[in-house]
Amino acid sequence: MNEESLFASGHTACAGCGATIALRLLLAAAGKNTIVCQVTGCMEVVSTGYPNTAWKVPYIHVAFENAAAVASGVDAALKAKGEREGKNIIALGGDGGTYDIGLQALSGMLERGHDVLYVCYDNEAYMNTGIQRSSATPYGASTTTSPPGKFSIGEDTPKKPLAEIVAAHRPSYVATASVGYYQDFQTKVKKALSKKGPSFILVYTPCPTGWRTPSEKTMEIAKLAVDTGYLILWEMENGDRNTLKVTKMPPKPRKPVEEYLKIQGRFRHLMNKPEELKKIQELVDAECKRYGIE
Amino acid sequence: MKITIGATVTEAGSSVRNKTGGWRNMRPVTDLAKCKRCGICIIVCPDAVISMKTREEGPKTDYDYCKGCGICANECPFKAIEMQQEER
Ligand code: SF4
Ligand code: SF4
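Residues numbered from 1 in each chain as written. Chains lettered and ligands numbered in written order. Predicted model: local features only at pLDDT ≥ 70, side-chain atom pairs only at ≥ 80, totals over all residues. Heavy atoms only, no water.

Attention now moves to the packing of aromatic side chains. All names here are of chain A. All chains considered together, the criterion is met by seven aromatic pairs over all chains. Here Phe7 and Trp55 contribute two aromatic rings whose centre-to-centre distance is 5.1 Å and whose plane-to-plane angle is 80°, an arrangement assigned as edge-to-face. Of this pair, Phe7 sits in the segment before α1 (18-30) while Trp55 sits in the loop between α2 (42-47) and β2 (59-61), and the two are 48 residues apart along the sequence. Between the aromatic rings of Phe64 and Tyr126, the centroid separation amounts to 6.2 Å while the plane-to-plane angle is 75°, which identifies the pairing as edge-to-face. Remark: Tyr126 occurs in the loop between β4 (117-122) and β5 (148-149) and Phe64 occurs in the loop between β2 and α3 (67-80); sequence separation between them is 62 residues. Joined through ring pairs, the aromatic side chains of Phe7, Trp55 and Tyr59 make up one cluster. (Phe/Tyr/Trp six-rings, centres within 6.5 Å; stacked < 30°, edge-to-face > 60°. Helix = DSSP H or I, 4+ residues; strand = E, 2+ residues; numbered from the N terminus.)

Contact with chain B, which involves 36 residues of that partner, is made by 33 residues of chain A. Counting each side, the surface lost to burial between chain B and chain A is near 2,700 Å², with a carbon and sulfur contribution of 55%. Put simply, B:Glu75 and A:Lys223 hold a salt bridge, and the shortest N to O gap is 2.7 Å. Put simply, the parts of the chain that give the side of chain B that touches chain A at least two residues each are α1 (40-44), β2 (50-51) and α2 (71-75) of chain B. Element by element, the count of residues in the side of chain B that touches chain A is highest for α1(B), at four residues. For the side of chain B that touches chain A, a count of residues per class yields 19 nonpolar, 10 polar and seven charged. (Contact = heavy atoms within 4.5 Å. Buried area = accessible area lost by both parts, 1.4 Å probe. Salt bridge = Lys/Arg side-chain N within 4 Å of Asp/Glu carboxyl O. Nonpolar A, V, L, I, M, F, W, Y, C, P; charged D, E, K, R; others polar.)

Residues and elements named next belong to chain A. Taking strand neighbours across the sheet as the criterion, the eight strands line up as β2-β1-β3-β4-β8-β7-β9-β10 in an open arrangement whose pairing is mixed. The open sheet terminates on both sides in strands that have one partner only, identified here as β2 and β10 (245-248). Adjacent strand axes in the sheet meet at a mean angle of 20°, parallel and antiparallel pairs treated alike. Where β4 meets strand β8 (residues 199-204), six bridges bridge the pair, whose relative direction is parallel. Its bridge partner being in β8, Leu117 is matched across the sheet by Ser199. Most of the contacts of α1 go to strand β3 (residues 88-94), to which it runs at about 170°, and overall it touches β1 (34-38), β3, β4 and β8. Set on the sheet, helix α9 (residues 218-227) makes contact with β7 (173-178), β8, β9 (233-237) and β10; between it and β7 the angle comes to about 120°. (Pairing = 2+ DSSP bridges. Axes fitted to C-alpha atoms, helices over the stretch in contact; angles between N-to-C directions.)

Within the structure, ligand 1 sits among B:Thr30, B:Cys35, B:Lys36, B:Arg37, B:Cys38, B:Gly39, B:Cys41, B:Pro59, B:Cys76, B:Pro77, B:Phe78 and B:Ile81. In the shell around ligand 1, the residues fall into eight nonpolar, two polar and two charged. (Near = heavy atom within 4 Å.)

The following block contains the structure:
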């Protein structure tokens, strides 16, 4: 096994799990002087089956909603003890624990200005509990609580723009990333940690089980999301919207979004519905336009 | 089993006790003649099972833990890794 990895082998994530790749990349970029506060979610369940742990850094598992609150407490406690220097504090949650359940705690952490990096790994549904939709589930996706059928096309609302909601708090750093473009992600982690004050990174992590995709395609799909403009990679620094920039431009011309959708079982029911495919392409085009992408 | 106070775990990375290699249906086999030692497979493996001590040795896959997902083979730019049916 790879002894250098700060996230050890023997964790019980599904074969081909994108989120575990994100954790490995995150820890490699942050280094070992890092404290992780993580909410309940896939990555907690697979990494901390008592009495074992996959983590090689100080780690605390907290309830579903409060990684940001606990990380704030760690920040305040270390400051009070005069021991804050030289340590990274990372709060970690999935989309369920961040978009939905932990949003209030996250907002509080940002508003109070804690020196914490919050990382949300986004696999677009509650996966380990059985693939229920979250507010990160995209339009048209099939989940167990948004099943397609005669009167349903699957999830019928678009994804909540969480990173933009975070940006409205004017944090020291906010960015979106994809596990597929891992250098971009790791650069963003280092940048976020180099800044004082709150920072946030949303990292897109395909889930072979929930998305019904072949396990070997995880990185390919994560890249395709960016190359089709479905996922826009951007960053904003120092709470200043003038610094907002797209960090990874899709190729010109952009790949059609159908290329991204058709390899995923969760969108299979849309393949014989050209009007829905057109609608999703238009949603993507409109988002790209907002970010100055052709 | 004696439960520790606060269910704390004091041994870092002790998940290595779980030998997840038994999950595997397909086995990644690396052709070291084709491999250019770029290290991409080491970065992308979700299970941290590939390591490279020296360039001569090249990347080494630990089959005690490899789940056979096939990401390494899919991402290798030089098509040096082949997924073969596992035999037990
Ligand atoms: S990705 Fe391919 S070429 Fe690169 S080190 Fe691994 S096997 Fe060798
Ligand atoms: S098949 Fe998957 S788990 Fe096995 S070495 Fe390749 S990337 Fe790692």
